[in-house]
Amino acid sequence: MSDTACHANAPTLPLAGPRWLVPLSLLSMYLIWGSTYLGIHYALVSYPPFLLASIRFAVAGVLMFAVLRLRGVALPTARQWRNAAIVGTLLLAGGNGLVCFAEQSVSSGIAAVAVASMPLFAAAFGGLYREWPTRGELVGLLLGFVGVVVLNLGDGLSASPLGAIALIGAAMAWAFGSVWSKRQDMPSGPMNTAAQMLCASVSLAILALLHGEHLPDHPQVGATIALAYLIVFGSIVAFSAYLYVLKTVRPALATSYAYVNPPVAVLFGVALAGEHVGAFDLAGMAIILVGVGIITLMRTRKA
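Residues numbered from 1 in each chain as written. Predicted model: local features only at pLDDT ≥ 70, side-chain atom pairs only at ≥ 80, totals over all residues. Heavy atoms only, no water.

1. A few points about the overall build of the protein
Reasoning step 1: Within the protein one finds 13 helices and zero strands.
Reasoning step 2: Reading the protein from its N terminus to its C terminus gives the helix and strand order α-α-α-α-α-α-α-α-α-α-α-α-α.
Reasoning step 3: In terms of C-alpha radius of gyration, the protein reaches 18 Å, essentially the compact-globule figure of 19 Å for 303 residues.
Reasoning step 4: In the protein, buried positions account for 52% of the 303 residues.
Reasoning step 5: Nonlocal contacts in the protein, meaning residues at least 24 apart in sequence, comprise 91% of its contacts between residues at least 6 apart.
Reasoning step 6: Summed over its atoms, the accessible surface of the protein is roughly 13,600 Å², and 70% of this surface lies on carbon and sulfur atoms.
Reasoning step 7: The averaged location of the 10 negative side-chain charges in the protein is 19 Å from the averaged location of its 15 positive side-chain charges. (Helix = DSSP H or I, 4+ residues; strand = E, 2+ residues; numbered from the N terminus. Rg over C-alpha atoms; globule rule 2.2 N^0.38 Å. Buried < 20%, exposed > 50% of the residue type's maximum accessible area, 1.4 Å probe, protein only. Contact = heavy atoms within 4.5 Å. Areas by Shrake-Rupley, 256 points an atom, 1.4 Å probe, with all protein chains shown as cover. Lys, Arg positive; Asp, Glu negative; His and termini not counted. Charge placed at Lys NZ, Arg CZ, Asp CG, Glu CD.)

2. Some remarks on the nonpolar core
Reasoning step 1: Counting residues in hydrophobic clusters, the biggest one holds 64 residues, and the most contacted among them are Tyr37, Ile40, Leu52, Val99, Leu157, Leu167 and Ile288.
Reasoning step 2: With 10 residues, helix 8 (residues 161-181) is the largest single contributor of residues to this core.
Reasoning step 3: Listed in part, the 15 residues of the second largest apolar core include Val22, Tyr242, Val245 and Tyr257. (Core = buried A, V, L, I, M, F, W, Y, C linked by side-chain atoms within 4.5 Å.)

3. As for the layout of surface pockets
Reasoning step 1: Here the second largest pocket defines a volume of roughly 350 Å³.
Reasoning step 2: Every residue lining the second largest pocket is counted, 14 residues in all, and those nearest its centre are Leu68, Arg71, Pro190, Ser240 and Leu243.
Reasoning step 3: Those elements that provide at least two residues to the lining of the second largest pocket are helix 2 (49-70) and helix 10 (221-248).
Reasoning step 4: Broken down by element, the residue count for the lining of the second largest pocket peaks at six residues, all from helix 10.
Reasoning step 5: For the lining of the second largest pocket, the residue count by class is 11 nonpolar, one polar and two charged. (1 Å grid on protein atoms, 1.4 Å probe; cavity = no way out; pocket = protein on both sides within 12 Å on 5 of 7 lines; lining within 4 Å. Points joined across faces, edges and corners; volume = space filled by probe spheres on them. Nonpolar A, V, L, I, M, F, W, Y, C, P; charged D, E, K, R; others polar.)

4. Description of the packing of aromatic side chains
Reasoning step 1: For the structure shown, the criterion picks out eight aromatic pairs.
Reasoning step 2: With 6.2 Å between their ring centres and 45° between their planes, phenylalanine 65 and tryptophan 81 make a pair best called tilted. With phenylalanine 65 in helix 2 and tryptophan 81 in helix 3 (residues 78-102), the pair connects residues that are 16 residues apart, well separated along the chain.
Reasoning step 3: Tryptophan 81 gets classed as partly exposed once you look at its relative accessible area, which sits at 26%.
Reasoning step 4: On the basis of an interplanar angle of 85° and a centroid distance of 5.7 Å, the ring pair of tyrosine 242 and tyrosine 257 is categorised as edge-to-face. On the criterion of sequence distance, the pair formed by tyrosine 242 in helix 10 and tyrosine 257 in helix 12 (residues 257-273) is long-range, its members being 15 residues apart. Across the pair, tyrosine 257 and tyrosine 242 agree in class, each one buried.
Reasoning step 5: Taken together, the aromatic side chains of Trp33, Tyr242 and Tyr257 make up a single cluster linked through ring pairs. (Phe/Tyr/Trp six-rings, centres within 6.5 Å; stacked < 30°, edge-to-face > 60°.)

5. Some remarks on the packing of helix 3 against helix 9 (residues 190-210)
Reasoning step 1: With their axes 7 Å apart at the nearest point, helix 3 and helix 9 run at an angle of 60° to one another. Classified by the interaxial angle, the pair formed by helix 3 and helix 9 is oblique. By crossing handedness, the relation of helix 3 to helix 9 is classed as right-handed. Residues Trp81, Ala84, Ala85, Val87, Gly88, Thr89, Leu91, Leu92, Ala93 and Gly97 of helix 3 form the contact with helix 9, whose participating residues are Ala195, Gln196, Met197, Leu198, Cys199, Ala200, Ser203, Leu204 and Leu207.
Reasoning step 2: Looking at the contact of helix 3 with helix 9, its residues break down into 14 nonpolar, five polar and no charged. (Axes fitted to C-alpha atoms, helices over the stretch in contact; angles between N-to-C directions. Parallel < 35°, antiparallel > 145°, perpendicular 65-115°, else oblique. Left-handed = near helix turned anticlockwise from the far one by under 90°.)

6. As for the packing of helix 1 (residues 21-43) against helix 10
Reasoning step 1: Axis separation between helix 1 and helix 10 bottoms out at 8 Å; the angle between their running directions is 150°. As judged from the angle between their axes, helix 1 and helix 10 are roughly antiparallel. For the element pair helix 1 and helix 10, the recorded crossing hand is left-handed.
Reasoning step 2: Residue composition of the contact of helix 1 with helix 10, grouped by class: 22 nonpolar, seven polar and no charged.

7. Comments concerning a nonpolar patch on the surface
Reasoning step 1: Taken together, Val202, Ile206, Leu207 and Leu210 make up a surface patch of nonpolar side chains, about 390 Å² in accessible area.
Reasoning step 2: For valine 202, the position within the fold is in helix 9. (Patch = residues over 30% accessible without salt bridge, like charges linked within 9 Å, V, L, I, M, F, W, Y side chains within 5 Å. Salt bridge = Lys/Arg side-chain N within 4 Å of Asp/Glu carboxyl O.)

Right, here's the structure in full:
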C-alpha cells in the first residue's frame, strides 16, 4: 500500500524555505514511496509478511514518537489512542500488512497498481455517511472499477487469486479507515502517524502470531537492508517530505504521488527485479489512474 494512508490532512500554510525544497520533497515522495513496493519484495526474502510490517512500523513509530515527545508534542488522549488503534489497524495492519502478504505471490509493480484503486473505494464508502458521489465522480468510480476488472484479467493477478483478494482487501481496508478517521478525534499532525504506527505494530504482531510467523534465524543481508530502507526512508524521510509539501503547496500537487507512485513502482520492478508487466496490466493501470483522476478533479471543483 501506498504508505500515506495514515497521514493527517493539514491546511495549506505559507512556509518560508528554499525554492528547491519543494521539488526535492516531491521527488523524494515519488521515488521513495514508488520504491517501497520493491523494498517489500526484497525484504520478504527473509522476513514473513506480517512480522515484516510489524517490525517496520514498531521501529519507525518509536523513533517518531520519541522525537515528537522530545520536541514537546503533547501525548494523545485516551480517546485519541483508541481511535488511532482502530485506524492504524485498518490502514497499516489491514492495508500495508495485506500488501506484504500479497507480494509473496504478486509482483511489486502490480501490487502498487492494485493499491491505486483505494480512492475508488473511499468514494464508495463515503455513501455510508450520505456523501454520495456526484455524476462526475460516479463516472470516475465506474471507470476505475472497470480498470480493476481489467487488471485482474492480466497475468499478474489472475495467476494468484489469493494475492488479488488480499490486494483488494488492502485497498478496501485503507479506504474505509481513511473515511472513518475523518470523523473521529485523532491525534494532531505527525503524532497521529506515530500513534497509528505504534498501535498497528501490535495488531500486526498478533496477525503474525496467528499466521505462525517467526523471526528468521539467519536473515539475508539484502533483506535486512530493505527492511531498514522501509523504516528510515519509506516511513520517516518520505513522510517528513510529504508533511512539508502538504503545508507549502496546493493539496492537489501534494497528493500527486497517487498518480506517480504506480508507474514508478512498475518501472522499478521491471528494471531492478525483472518483473513482467503484460498488456492487461498496463491497460488496467491506465484505466484506474484515469478514474482516480476524474474523482480527484470533481472533488477539487466541488471544494
